[in-house]
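Topology and contacts: notes
The primary structure of each chain is shown beneath.
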Amino acid sequence: AIRSLHARQVLDSRGRPTVEVDVVLEDGSLGRASVPSGASTGAAEAHELRDREPARYAGFGVRRAVANVDGEIAGALRGLDACDQPGLDRRLVELDGTPQLERLGANAILGVSLAACRAAAASLRQPLYRRIAALSGNDAISMPMPMVNILSGGLHAGRGMDVQDFLAIPASARSIAESIEMVASVRSAASDAMARRGLPTLLADEGGLSPGLPTGHEALELMVESIARAGLAPGRDVTIAIDVAATSLKGPAPGRYRLAREGRDASSAEMIEMVADWVRGFPVVSIEDALDEEDWPGWQTLTERLGDAVQLVGDDLFTTNPARVARGIAEGVANGVLIKLNQNGTLSGTLGVIRRAREAGYAPVVSARSGETEDPFIADLAVGTGAGQIKIGSVRCGERLAKYNQLLRIEEESGAPFSGTSALAGRR
Ligand code: PGA
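Residues numbered from 1 in each chain as written. Predicted model: local features only at pLDDT ≥ 70, side-chain atom pairs only at ≥ 80, totals over all residues. Heavy atoms only, no water.

Heads up, the rule is: UniProt positions are given in the numbering used here, feature names are shortened, and annotations may be inferred rather than shown by experiment.
The name given to the protein in an unreviewed UniProt entry is Enolase, with the source organism recorded as Zeimonas arvi. Recorded under Sequence similarities (unreviewed entry), the UniProt text for the protein is reproduced unchanged: "Belongs to the enolase family." In UniProt, the protein has this text filed under Function (unreviewed entry): "Catalyzes the reversible conversion of 2-phosphoglycerate (2-PG) into phosphoenolpyruvate (PEP). It is essential for the degradation of carbohydrates via glycolysis."

**Section: the packing of aromatic side chains**
Threshold: Only Phe, Tyr and Trp rings are paired, with Trp represented by its six-membered ring, and only when their centres lie within 6.5 Å; those with planes under 30 degrees apart are stacked, over 60 edge-to-face, the remainder tilted. We call a charge positioned above a ring when the Lys NZ or Arg CZ atom is no farther than 6 Å from the ring centre and deviates by at most 35 degrees from the ring normal.
A complete count under the given rule lists 0 aromatic pairs for this structure. The residue whose ring lies beneath Arg-16 is Phe-60, and the NZ or CZ to ring-centre distance is 3.9 Å. It is Arg-327 that lies over the ring of Trp-296; its NZ or CZ is 4.0 Å from the centre.

**Some details on the sheet that holds strand β6 (residues 239-243)**
Heads up, the condition is: Strand pairing is assigned whenever DSSP detects at least two bridges linking the two strands. Each helix is a run of H or I in the DSSP string that is no shorter than four residues. Each strand is a run of E no shorter than two, and both are numbered from the N terminus. Here the axes come from fitting lines to C-alpha atoms, over the contacting stretch only for helices, and the angles between their N-to-C directions go from 0 to 180 degrees.
Pairing in this closed barrel of 8 strands is mixed, and the strands run β4-β5-β6-β9-β10-β11-β12-β13 around the ring. Strand-to-strand twist in this sheet, taken as the mean axis angle between neighbours without regard to direction, amounts to 30°.

**Considering the pairing of strand β13 (residues 389-393)**
Side-chain direction in a regular strand flips from residue to residue, so the side chains alternate between the two faces of the sheet. The condition that has to hold: Burial classification: accessible surface area is computed with a 1.4 Å probe over protein chains only, and a residue below 20% of its type maximum counts as buried, one above 50% as exposed, and the rest as partly exposed. The path from the first strand over the helix to the second decides the hand: if it runs clockwise while the strands point away from the viewer, the crossover is right-handed.
Burial analysis of β13 places 5 of its 5 residues in the buried class, the great majority of the element. Sheet analysis places strand β12 (residues 363-367) next to β13, joined by 2 bridges and oriented parallel. Bridged to Val-366 within β13 is Ile-390. Between the parallel elements β12 and β13, the chain passes through helix α12 (residues 377-385) in a crossover that is right-handed.

**A closer look at the UniProt feature "domain: Enolase N-terminal" (unreviewed entry) in the protein**
The UniProt record annotates "domain: Enolase N-terminal" (unreviewed entry) at residues 2-132. Along residues 2-132 the backbone is 38% helical and 18% strand, and the end-to-end C-alpha distance reaches 19 Å.

**A closer look at the confidence of the model for the protein**
Just so we agree on the cut-off: pLDDT is a per-residue confidence score from the predictor, ranging from 0 to 100.
Model confidence for the protein is summarised by a mean pLDDT of 97, while 100% of its residues fall at 70 or above. Listed scores for the predicted complex are pTM 0.98 and ipTM 0.96.

**Some words on the layout of surface pockets**
The condition that has to hold: Grid points spaced at 1 Å over the protein atoms alone were grouped into cavities, where a 1.4 Å probe fits but cannot get out, and pockets, open sets with protein on both sides within 12 Å along at least five of seven lines, with lining residues defined by an atom within 4 Å of a point. Grid points are joined across faces, edges and corners, and a volume is the space filled by probe spheres set on the points. Gly counts as polar in this scheme, as do all residues outside two lists: the nonpolar Ala, Val, Leu, Ile, Met, Phe, Trp, Tyr, Cys and Pro, and the charged Asp, Glu, Lys and Arg.
By volume, the largest pocket amounts to about 220 Å³. The wall of the largest pocket is formed by 15 residues, among which Thr-41, Glu-45, Ala-46, His-47 and Glu-48 lie closest to the centre. The residue makeup of the lining of the largest pocket, split by class, is 5 nonpolar, 6 polar and 4 charged.

This is how it looks when you write it as structure tokens:
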């Protein structure tokens, strides 16, 4: 049973406050977890409660969320069984009482949900990924295929490029260890190639590079060049994923997209054409948020056009929200779902979305946020659910490496098989 709950304000990778929670059980087991934060957020995400006090951390403080954990939530959860994760999560959602968890804050609620899971795992003397496997009814844990940020633009790099992320997928890797080695060499080769051209190699929000190239086509050329420079074969050893983050490209009128670096606007149909050109010209196998979160008809057309060939992942589109994922499945929209714990608000809710996606043949991709802490929870989440894919950011910065290094440890100790490219939706 839960003896005590306590929260504190700590900092994330952007130097902004976030919530960390300690849950202590009657047997002395401790679970600690902290909560990430996005920059390119979807409107339907669970609500992040911020203090909005301009004089302190420019309004980004989370002392109200912390107080909600220490007060109301601690009062309601004390004495409850930490091993009943679904019951705890249901209680948290009921206690909040709002659809997007804006009263107590999804940052308060998720921190408690994750810390309780860790405390239960400690009490049961189970590794966290085993505990998550049990909670998700999964008896086949597996190591996820990573998609790794190499080049950044959009809201992750001062809008230096219109597209938010270009990522490398180590297609021919046979383990997590080999995956990380391959993408680390691509990342270094990209840095060398940029330095040679006189481009700055400073880090973007997720530890990637921001070359500020004017078009997606040029960024893809740099990706292919970097893969080849690393001594790997583009398309065979390493393929490419793209996160357009098109919700951040809202144009001057509804249904229009603003490609500021290219100096033009595009319709939904023109965006689809641009993406189809990339797929034709480059070894692109996965595309996330190619269209706006409310452009459902555009998404349908995109999926009819490219869904058999490549993985089409909904992030802002689905926001790890069961109703939005159900709508996507019903309308034949996308074939992959980005999975972010803090978009949903609880562990059980997130596990439910992964299960629903799976049942419909949609590929789940467990993802970090651009604002992260050193908490490696998502590494265990990806392994325990056997999700098959993970997106953490680049192989730089402590908050990213905490997750990659945790995957290395889990691979060594669990012997779980590596998913490889079979986890990706689409045939390419
Ligand atoms: P975000 O980005 O956390 O800023 O939403 C994460 C991602 O790349 O999907």
